[in-house]
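The lines below spell out each chain.
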Amino acid sequence: MSLAAVAPEAAAQDRKDAAETNLERLERQQELKEKERLALEEAAKEAAEEARQLSEDLVAAARDIRMSEEEAIRLEDRIKDLETETALKKDQLDSRRGELLKLLSALQRLSKRPVAFTLVQPSEAITTARTASLMGNLVPEINRQTETLREELGILASLQEALSEERFALKNTLAELTQRQLKLGSLLDKRKAEAERATAQAEGLAKELADIAEKASSLRDLVEKLEQQAAKRAEIAPVPVTPRQKPVVPLPAPTLRTPITRMKGRLTYPAIGSVIKRFGEVDGAVHVRGIRIGTRENAQVVSPYDGQIVFAGPFRNYGQLLIISHGDGYHSLLAGLETLQAVVGQWVLAGEPVGSMSDNKATAELYLELRHNGESVDPAPWLSRQTASAR
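Computed from a prediction, not measured in an experiment: that's the story for all the values here.

What counts, and where the lines are drawn
Residues numbered from 1 in each chain as written. Predicted model: local features only at pLDDT ≥ 70, side-chain atom pairs only at ≥ 80, totals over all residues. Heavy atoms only, no water. Helix = DSSP H or I, 4+ residues; strand = E, 2+ residues; numbered from the N terminus. Contact = heavy atoms within 4.5 Å. Core = buried A, V, L, I, M, F, W, Y, C linked by side-chain atoms within 4.5 Å. Buried < 20%, exposed > 50% of the residue type's maximum accessible area, 1.4 Å probe, protein only. Phe/Tyr/Trp six-rings, centres within 6.5 Å; stacked < 30°, edge-to-face > 60°. pLDDT = per-residue confidence, 0-100.

A. How the structure looks around the environment of glutamate 83. Considering the arrangement of structural elements, one finds glutamate 83 in helix H1 (residues 3-111). In sequence terms glutamate 83 and leucine 163 are 80 residues apart; their C-alpha atoms lie 7.3 Å from each other. The residues contacting glutamate 83, other than those within four sequence positions of it, are Leu163 and Arg167.

Right, dumping it as structure tokens:
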């Protein structure tokens, strides 16, 4: 074979070898990409599980706090009733003591009347007889009053003992509440640290929402604008919850465990307390479009149901406002909070902490609205009746 014939064959072989080398390189790259994809999927699963576990831990911590708050309210009301009852019983005892002293004084005066006086003045005999009869009536009455006084002193002692026990129980409950709040604070710090990974996105979104809030003329207008914004963005990316050592992996938007339309009568009351204004009642010059709940100072506020925070911040005269989208056109609006414990874009579970109330009981009043397609609906039929009382 001539050199001229060998050269094309060698060139062809070189091209074949080069092609195989490129193919091998591409296969290796594809294999690395596949491993990277699998690693990211695994990281996403771990992040989603950590996010779910953190939310459940927060729900449990908030539930413990609300139990302590409920017990504190019960004890405070019981102490107030006992104090009122004790004061009333003391007044009754003072009155009975006065009556008894009058009877004893009368008996003493009668007992000093000398019997011999009737021998000197026989006309006094009838009076003396009447006096003896009166004394005979007074002694049983004094004994009865004395026994009643003794019984009521025993009741008073029992009241004072019960009052002391309830005050001690309240002290322990408040100490337990403080410990539970510290535990929740630690969990919230963890959630905050994880949320800071999306700072750039959150800042841009916060600026956008602040602009929307500035332009919105009412709560209804605000909700409508938020819906329009959400439609434009398709969906707000949830805040990823991942360990610091792992790459940030976008999490898919979680789905509600049960559609809110099937949860009527089972939504969580956002705070422990008493309903002081109901839907439709007159409040000044307007009708209330939600309910107002009087709470304890620093009361924990939680999400009424699963959903995504779509607004968090000050708005008009509502103070700190939270709006949670629950799907199917439903939003819950929480206003009057002192501090916010949730960020825009974050997904929360029913009962998950989202804020807390003022430390001034006079101003600790939470406002809740439930809206469907922008229209206010009475939230009372949607809420569980186990976590709030009505005055």
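Here the narrative resumes.
B. Layout of the nonpolar core. If you look at the biggest cluster of nonpolar residues, it comprises 28 residues, and the most contacted ones within it are Leu267, Ile291, Val301, Ile309, Leu334, Val354 and Leu366. Setting aside chain neighbours within four positions, we find leucine 334 in contact with Pro270, Val301, Val302, Pro304, Gln320, Leu321, Leu322, Ile324, Val354, Leu366, Tyr367 and Leu368. The next biggest cluster of nonpolar side chains, apart from the first, holds 18 residues, and it includes Ile212, Ala213, Leu226 and Phe315.

C. Representation of the packing of aromatic side chains within the structure. A full pass over the atoms with the stated rule returns three aromatic pairs. Aromatic side chains phenylalanine 315 and tyrosine 318 sit 6.1 Å apart centroid to centroid with 25 degrees between the ring planes, which places their arrangement in the stacked category. Classification of phenylalanine 315 as buried rests on a relative accessible area of 2%. Both rings, one in tyrosine 318 and one in tyrosine 367, keep their centres 6.3 Å apart while their planes meet at 35 degrees; by these two values the pair is tilted. One end of the pair, tyrosine 318, is in the loop between strand S6 (307-314) and strand S7 (320-327); the other, tyrosine 367, is in strand S12 (residues 365-372), with 49 residues separating them in the sequence.

D. Up close: the confidence of the model for the protein chain. Overall, the prediction assigns the protein chain a mean pLDDT of 74, with 64% of residues at 70 or greater. Across residues 123-131, where pLDDT falls below 50, the model places nine contacts with residues more than four positions away in sequence or in other chains. Scored below 50 in pLDDT, residues 235-252 shows 54 contacts in the model against residues more than four places distant or in partner chains.

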